[in-house]
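# Structure at a glance
The primary structure of each chain is shown beneath.
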Amino acid sequence: MWLPKLDYGRKDCPVSECEMLRCFLDRKLPLHRSPIIESFRLELSNSIFKPENIKTWVETALSRCLRELDISSHDVIDPPKFPNILPSNLFTCKSLAILKLAGEILLDVPPGVSLPSLKTLKLQRLRYFNEETLQRLLSNCPVLEDLVVDLHEFDEESVGKMTVAVPSLQSLSLYIPYWQNLDGFVIETPALKYFKLMDHNMSDHYFLIEKMPNLIEAYLEVFLPDSNSIFGSITSVKRLSICSDTNMLNGGFVFNQLEHLKVCICTLFASADQLIELLKASSKLKRLDISFFYQHTPSGMVCWNEPTTVPECILSSLQSFSWSKYRGEPEERDVVVYFLKHARHLETATIKSSESSGVSKSEMLKELELSPRASATCQLMFD
């Protein structure tokens, strides 16, 4: 009755256990005696939990100066799908600092919303009442720093235009799935330091992203015909992870602060020529990692033509180079040999071979060890 952290439910909870939990919360939660509840977590996975039950429990937690609310709803009620389980006083809670909502929940934000202490907001696979819902919520969170928005896959309802305009935001993660009705999105976050965008949506949609002058790190998975607005907004980034089938250099962007680059070569960057062009735009690069991102299909490097001009970063600043799932194929070998031959300040070159490679590890190692190196202190490590 005095515990400040309350965590109830689990995924795939048996019906009998869910019924016991519902009865327990109905009877006991109103008797909780702590003046402050630090966190209240509900993981719901059965239709036994009705919207009126959930609203009452959340209202009780909110009355105890709640600081963190975390609700996950998995196929709770059918029909209707995406029920409104959130009480109106949630949106005027002065003490709430962390709000996490996931699953089949309808987010309907009332006009008088005010969350003056909210710093972390995580919204995953929700249904939004209309296209103004998200921005209405965000515009009334004056100290919000961390935002995660994952849109729902196979949602028949259109999200319309998604707008994220938050002056205080430090970290933003946005996931747009393949099947999602989206007209477009606008991002205005001038103070952002971390940006993650996974836009897998193949339907035609517009996007406008304002400059992020304070950006330190970005992770991009974008498969769009024209992404100049995206790439033009992140030119001040210091650490960049990218997988894209878009030629990002048509806009003539310069990444003059970029120090660490991770490239997934399952798409356009399977072309070594495209990789070299990106390196030419990154004169201060110190570390380059070539790999395949999580759940991306491995493929070999193609289209290697040794450039007539060596990128400045290879000659003057590159210190670390790595390649994961290296197959030892001729194009891949030529790229690695090129880096070893020209990188004057290279300290380590790490090669991690692919299990599916048709070339033995000993052959790969021998080929690379015999290649010339511009840096006498470079250590070649093979895994």
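Scroll up a little and you will see the structure.
Predicted model, so just to flag it, every value in this text is computed and none were measured.

### Concerning the overall build of the protein chain
Per the secondary structure count, the protein chain includes eight helices and 20 strands. A total of 383 residues make up the protein chain; the buried ones form 52% of that total. For the protein chain, the exposed area adds up to about 17,500 Å²; of that, 50% sits on carbon and sulfur atoms.

### Digging into the pairing of strand S4 (residues 98-103)
Two strands pair when backbone bridges link them, and strand S3 (residues 68-73) and S4 are joined in this way by six bridges, in the parallel orientation. Counterpart to Ser-72 in the pairing with S4 is Ala-102. Here S4 pairs with strand S6 (residues 120-124) via five bridges, running parallel. What sits directly across from Lys-100, in S6, is Lys-122.

### Points about unusual backbone geometry
Positive phi, normally seen in glycine, also occurs at Cys-65, with a value near 55°. Even without a glycine there, the phi angle at Lys-325 is positive, about 60°. Among the structural elements, Lys-325 can be located in strand S18 (residues 320-326).

### Description of the pattern of salt bridges
The full count for this structure, using the stated rule, is 12 salt bridges. In this structure, Arg-41 and Asp-70 form a salt bridge, with 3.7 Å as the shortest nitrogen-oxygen distance. Highlighted residues: Arg-41 in strand S2 (residues 39-44) and Asp-70 in strand S3, separated in sequence by 29 residues. A relative accessible area of 25% means that Arg-41 is categorised as partly exposed. For Asp-70, a relative accessible area of 14% puts it in the buried group. The partner of Arg-287 in a salt bridge is Asp-289, and the shortest N-O contact between them spans 3.1 Å. In this structure Asp-289 comes out as buried when scored by relative accessible area, which is 7%. Several salt bridges converge on common partners, so that one network encompasses Asp-7, Arg-41, Glu-43 and Asp-70.

### Things to note about the packing of aromatic side chains
For the coordinates displayed, the defined rule picks out seven aromatic pairs. Taking 6.2 Å as the distance between ring centres and 70° as the angle between the ring planes, the aromatic pair formed by Tyr-8 and Phe-40 counts as edge-to-face. With Tyr-8 in strand S1 (residues 5-9) and Phe-40 in strand S2, the pair connects residues that are 32 residues apart, well separated along the chain. Phe-40 matches Tyr-8 in its accessibility class, with the two residues each being buried. Measuring from ring centre to ring centre gives 6.1 Å for Tyr-338 and Phe-339, while their planes differ by 85°; the resulting arrangement is edge-to-face. Of the two residues, Tyr-338 and Phe-339, both sit in the buried class. Members of the aromatic cluster, each reached through a chain of ring pairs, are Tyr-8, Phe-24 and Phe-40. Sitting over the ring of Tyr-219, Lys-196 keeps its end group 5.1 Å from the ring centre.

### Here we look at helix H7 (residues 330-342)
Taking 1.5 Å as the rise per residue, H7 with 13 residues should run 18 Å; its terminal C-alpha atoms sit 18 Å apart, in good agreement. Along H7, the positions that sit buried rather than exposed are Glu-332, Val-335, Val-336, Tyr-338, Phe-339, Leu-340 and His-342. Elements that come into contact with the buried residues of H7 comprise helix H5 (272-280), strand S17 (287-291), helix H6 (312-316), S18, strand S19 (348-353) and helix H8 (361-369).

### Digging into the environment of Ala-191
Turning to its location among the elements, Ala-191 is positioned in the loop between strand S11 (180-188) and strand S12 (194-199). Given the relative accessible area of 18%, Ala-191 is considered buried. With 23 residues separating them in the primary sequence, Ala-191 and Ser-168 have C-alpha atoms 6.1 Å apart. Among residues more than four places away in sequence, those in contact with Ala-191 are Pro-167, Leu-169, Gln-170 and Asn-214.

### Considerations on helix H1 (residues 15-28)
With 14 residues, H1 extends 20 Å between its outermost C-alpha atoms, agreeing within 8% with the 20 Å of an ideal straight helix rising 1.5 Å per residue. When H1 is considered as a whole, its buried residues turn out to be Cys-18, Leu-21, Arg-22 and Leu-25. Down the axis, H1 shows its buried residues gathered within 100° of arc, on one side only. Seen from the open side of H1, the exposed residues pointing more than 90 degrees away from its buried face are Ser-16, Met-20 and Arg-27. Those residues of H1 that are buried lie in contact with S1, S2 and helix H2 (51-62).

### Regarding the nonpolar core
In terms of nonpolar packing, the biggest core is built from 118 residues, with Phe-40, Phe-195 and Leu-288 touching the most fellow members. Contact partners of Phe-40, with chain neighbours within four places excluded, come to Leu-6, Tyr-8, Leu-29, Trp-57, Val-58, Ala-61, Leu-66, Glu-68, Leu-69 and Asp-70.

### Some thoughts on a nonpolar patch on the surface
Where nonpolar side chains cluster on the molecular surface, the patch consists of Met-1, Trp-2 and Leu-31 and spans about 350 Å² of accessible area. Along the polypeptide, Met-1 turns up in the segment before S1.

### Things to note about the environment of Ser-324
Inspection of the secondary structure assignment puts Ser-324 in strand S18. Placed 27 residues apart in sequence, Ser-324 and Ile-351 show a C-alpha to C-alpha distance of 6.3 Å. Sequence-distant contacts of Ser-324, defined by excluding residues within four places in its chain, comprise Ile-290, Ser-291, Phe-292 and Lys-352.

What counts, and at which threshold
Residues numbered from 1 in each chain as written. Predicted model: local features only at pLDDT ≥ 70, side-chain atom pairs only at ≥ 80, totals over all residues. Heavy atoms only, no water. Helix = DSSP H or I, 4+ residues; strand = E, 2+ residues; numbered from the N terminus. Buried < 20%, exposed > 50% of the residue type's maximum accessible area, 1.4 Å probe, protein only. Areas by Shrake-Rupley, 256 points an atom, 1.4 Å probe, with all protein chains shown as cover. Pairing = 2+ DSSP bridges. Salt bridge = Lys/Arg side-chain N within 4 Å of Asp/Glu carboxyl O. Phe/Tyr/Trp six-rings, centres within 6.5 Å; stacked < 30°, edge-to-face > 60°. Lys NZ or Arg CZ within 6 Å of the ring centre and 35° of its normal. Expected span 1.5 Å × (residues − 1). Contact = heavy atoms within 4.5 Å. Arc of directions from axis to C-beta. Core = buried A, V, L, I, M, F, W, Y, C linked by side-chain atoms within 4.5 Å. Patch = residues over 30% accessible without salt bridge, like charges linked within 9 Å, V, L, I, M, F, W, Y side chains within 5 Å.

Spatial relationships are all this shows, so hold off on functional conclusions.
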